[in-house]
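Below, each chain spelled out in residue letters.
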Amino acid sequence: MTQAPAVNVHRPKVEYFDVASLTNTDPKGYVRPVERYRVEPWGLYMARTADHPQFHYVESWLLPELGLRATVFHYNPAHRRDQDYYLDLGEFTRIEPKKWRSVDHYLDIVVRSERETVLLDVDELLAAHAAGLIGTTEAQAAIHHATAAIDGIAAHGHSLDRWLASHDIELTWL
């Protein structure tokens, strides 16, 4: 019998989005300037530059009711990936009138439009739960939101946009 590779267990990543000050505080505590926020009844949009070696710009929508963060990474040419959307599962909450918080629940989904929808990092969720870093309620919510998203996106021809439209959500990107 082979053993599964060890998983790097870490606390849930927490991020803050301050619409009033046009800042985004990443999970490591770095405060980044944001070029644009947009608030809709169903979510929050953020667009900002990135100093990451693989991508130079990031756009995200926080979608609280669906337990999702939909992101488009603008990759540098040498690091392009075969994906259209990267979805993080978690808890996305407006904590003040102009401040939001995200708590990542480990699971991720890659959407390759019109082709496939792939669930990632189940091992991270299970390891975090076993280590007591995420409770059963949160883990179940992550699984529920992930399966609903995967089923919905697949039922709409692997189109995130068509699935979200069925929820009266229309995402716009730069």
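Residues numbered from 1 in each chain as written. Predicted model: local features only at pLDDT ≥ 70, side-chain atom pairs only at ≥ 80, totals over all residues. Heavy atoms only, no water.

**Details of the UniProt feature "domain: DUF402" (unreviewed entry) in the chain**
Part 1 of the reasoning: Under the UniProt annotation, the feature "domain: DUF402" (unreviewed entry) is placed at residues 31-158.
Part 2 of the reasoning: Strand forms 49% of residues 31-158 and helix 23%; the C-alpha atoms that close the span are 35 Å apart. (UniProt positions renumbered as here; feature names shortened; annotations may be inferred. Helix = DSSP H or I, 4+ residues; strand = E, 2+ residues; numbered from the N terminus.)

**Things to note about the environment of Ser60**
Part 1 of the reasoning: By the secondary structure assignment, Ser60 is in strand β6 (residues 55-63).
Part 2 of the reasoning: Sequence separation between Ser60 and Asp161 is 101 residues; the distance between their C-alpha atoms is 14 Å.
Part 3 of the reasoning: Among residues more than four places away in sequence, those in contact with Ser60 are Leu44, Tyr45, Met46, Arg69, Ala70, Thr71 and Trp173.
Part 4 of the reasoning: Engagement of the side chain of Ser60 in a polar contact is seen with the side chain of Arg69, the distance being 3.0 Å.
Part 5 of the reasoning: A polar contact is formed between the side chain of Ser60 and the side chain of Thr71, at a distance of 2.7 Å. (Contact = heavy atoms within 4.5 Å. Polar contact = N/O pair within 3.5 Å; in protein donor to acceptor, adjacent residues only side chain to side chain.)

**Considering unusual backbone geometry**
Part 1 of the reasoning: A positive phi is found at Glu114, a non-glycine position, where the angle reads about 70 degrees.
Part 2 of the reasoning: Tracing the backbone shows Glu114 in the loop between β9 (99-112) and β10 (116-120).
Part 3 of the reasoning: The residue His158 is not glycine, and still its phi comes out positive at about 60 degrees.
Part 4 of the reasoning: By the element assignment, His158 lies in the loop between α2 (136-155) and α3 (160-165).

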